[in-house]
Amino acid sequence: MVSAPQSVQRPNGPAVPIAEVPEAGRPPRSTGSQEVDRVTNGGFVAGSLTLLAGEPGVGKSTLALQLAAQAAQRGQRALYLSAEESPAQVQQRAKRLGALCPDLWLAGANDVDTIVAEIARLEPGFVIVDSIQTVAVAEVAATAGSVTQVRASALRLADAARAHDCAILLIGHVTKDGSLAGPRQLEHLVDTVLNFEGDRHHALRLLRAVKHRFGPTSELGLFEMVQGGLVDVEDASGLLLADRRPGAAGSVVFPMVDGQRPLLVELQSLVVSGSGSGGARRSVEGVDGGRLALLLAVLGRVFELPVLSAEVYCLAAGGVTVHDPGADLALACAVVSSLTGKAVPSDTVICGEVGLGGEVRTVRHAERRLAEAVRAGFRRAVVPATSPDIAGLSLTRVGTVGEALLAIGMGGPRPVRAPGTAEGVTDRRQPAAG
Ligand code: TYD
Ligand code: MG
């Protein structure tokens with residue numbers, strides 16, 4: 001029987017005054033990974049269903065196997081059901097990861113009834129199904145991976161999680177544009193959705209909860225993919241800035257906040273001036289192409305910089321994706337730095353949101369960002385006018401992009417020449433009256 005989508009134990013009952021509602025029963029169980037515990041608000045809850053979604057190759061099976069091994073080492077029986085890889089392949093990986101624990105059980109299974117029977121037989125506390133797109137409920141006449149089959153399988157597994165009081169982690173593949181039907185259709189059927197992100201050519205991996213019935217979704221977990229699997233990362237800024245070449249034009253360090261977590265990211269820009277023919281090429285990686293277009297329009301129209309017809313490439317180094325609007329000013333400075341060939345001082349971080357008039361707006365969590373910059377050894381920051389003082393950092397508060405460019409030695413009200421052009425930086429706006 002496939003029941004309605006429900007989370008952990010939710011019977012019908014009489015209404016009671018809100019203050020007298022009994023507290024939610026089950027505490028989460030620590031996973032042994034500080035980073036996973038951070039994102040899940042303490043670990044996985046017995047009876048719950050979690051989806052771990054990510055692109056192929058990002059490391060979902062690796063993370064899941066490590067979590068299963070840690071559960072087994074911490075006295076909780078774990079069961080890993082692999083429909084994608086043979087048990088021998090999973091065992092091979094487990095050897096590499098040092099995950100051959102006595103109470104970690106492994107089966108190749110793509111039939112949901114078989115999976116449920118194994119759960120009933122072994123009574124594990126933690127179960128992995130790898131992946132939800134490759135298992136199927138036999139009596140549902142749809143192929144594995146179809147929306148119908150993925151939903152039917154997830155509902156059956158949700159019932160099993162409740163009936164056998166175990167936490168089940170479903171692995172789901174999503175494609176780069178997030179479009180694959182299966183996992184997205186699952187989001188409202190599961191208690192928790194964890195997204196696992198990162199560029200497979202880089203070591204950093206980011207874990208975030210995009211839905212969580214048992215806690216906030218604002219925490220970010222960070223891992224490094226190494227030979228021995230995924231390891232928790234404490235100093236992500238150090239990892240991200242390791243390859244930076246201080247003094248290179250077009251490079252700016254941006255103190256970003258993702259969820260609650262501060263991270264220093266290097267933004268890079270390369271401007272190839274004057275291709276002339278309209279429709280100049282723009283290419284971004286890890287930064288928002290729409291924001292870049294807006295910034296180029298501001299730099300071109302408000303500050304008369306020759307960027308509108310230039311080819312512009314921008315990226316966030318290290319495989320990070322920047323969703324933070326506070327990156328605007330840093331990105332604009334990176335573009336101008338590349339355009340002028342002048343490096344931004346290497347001890348300086350830059351943040352601020354930019355408006356269409358070229359004004360610099362306040363960013364959230366300014367203290368947290370700047371504290372991380374101090375911790376990582378930066379000495380100066382170019383920030384919005386409202387930013388608070390912080391010990392160890394010399395702040396230049398700016399109200400416009402032009403003031404920021406002046407602060408990093410690239411002109412502002414006074415024009416600077418871009419190499420090979422007759423144009424430079426000017427601020428066309430009139431000074432405020434009075
Ligand atoms: P995998 O967990 O198979 O990804 P997914 O299940 O999301 O498709 O891991 C994919 C990559 O991780 C693989 O290409 C190799 C790399 N990897 C390591 O670098 N170190 C390791 O210890 C392991 C197990 C994998
Ligand atoms: Mg896998």
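Shown above is the structure to which this text applies.
This is a predicted model, so every value here is computed, not measured. (Residues numbered from 1 in each chain as written. Chains lettered and ligands numbered in written order. Predicted model: local features only at pLDDT ≥ 70, side-chain atom pairs only at ≥ 80, totals over all residues. Heavy atoms only, no water.)

Explain the packing of helix α4 (residues 112-122) against helix α5 (residues 147-164) to me, using residue names and the numbers behind them.
Look at α4 against α5: their axes get within 10 Å of each other, and the N-to-C directions meet at 10°. Taken together, the axes of α4 and α5 are roughly parallel relative to one another. Contact residues: V112, D113, I115, V116, I119 and A120 in α4; S153, R156, L157, A160 and H164 in α5. Among the residues forming the contact of α4 with α5, the class breakdown is seven nonpolar, two polar and two charged. (Axes fitted to C-alpha atoms, helices over the stretch in contact; angles between N-to-C directions. Helix = DSSP H or I, 4+ residues; strand = E, 2+ residues; numbered from the N terminus. Parallel < 35°, antiparallel > 145°, perpendicular 65-115°, else oblique. Contact = heavy atoms within 4.5 Å. Nonpolar A, V, L, I, M, F, W, Y, C, P; charged D, E, K, R; others polar.)

Got a sec to walk through empty space enclosed by the protein? Specific residues and values, please.
For the coordinates displayed, the defined rule picks out three cavities of 30 Å³ or more. Computed from the structure, the largest cavity encloses a volume of approximately 60 Å³. Lining the largest cavity are R244, R245, P246, G247, A248, S251, V252, V253, V344, P345, S346 and T348. In terms of residues, the lining of the largest cavity owes the most to one element, strand β10 (residues 251-258), which gives three residues. Looking at side-chain class alone, the lining of the largest cavity contains six nonpolar, four polar and two charged residues. (1 Å grid on protein atoms, 1.4 Å probe; cavity = no way out; pocket = protein on both sides within 12 Å on 5 of 7 lines; lining within 4 Å. Points joined across faces, edges and corners; volume = space filled by probe spheres on them.)

Any details on the pattern of salt bridges? Residues and values, ideally.
Enumeration according to the criterion identifies 19 salt bridges in this entry. Of the charged contacts in the structure, one is a salt bridge between R77 and D103, with a shortest N-O distance of 2.9 Å. Taken together, the residues R77 in the loop between α2 (60-73) and β2 (78-82) and D103 in the loop between α3 (87-97) and β3 (104-108) connect sequence positions 26 residues apart. The class for D103 is partly exposed, based on a relative accessible area of 24%. R369 is the partner of D324 in a salt bridge, and the nearest nitrogen-oxygen pair spans 2.8 Å. With a gap of 45 residues between them, D324 in the loop between β13 (311-316) and α9 (328-340) and R369 in helix α10 (residues 366-375) connect regions that are remote in the sequence. The burial state of D324 is the same as that of R369; both residues are buried. Among the charged side chains, a network of salt bridges with common partners joins E35, R38 and R261. (Salt bridge = Lys/Arg side-chain N within 4 Å of Asp/Glu carboxyl O. Buried < 20%, exposed > 50% of the residue type's maximum accessible area, 1.4 Å probe, protein only.)

Can you break down the packing of α2 against α3 residue by residue, with the values?
With their axes 11 Å apart at the nearest point, α2 and α3 run at an angle of 70° to one another. Between α2 and α3, the angle falls in the class roughly perpendicular. For the element pair α2 and α3, the recorded crossing hand is right-handed. Of the residues in α3, those in contact with S61, T62, L65 and Q66 of α2 are V90, R93, A94 and L97. (Left-handed = near helix turned anticlockwise from the far one by under 90°.)

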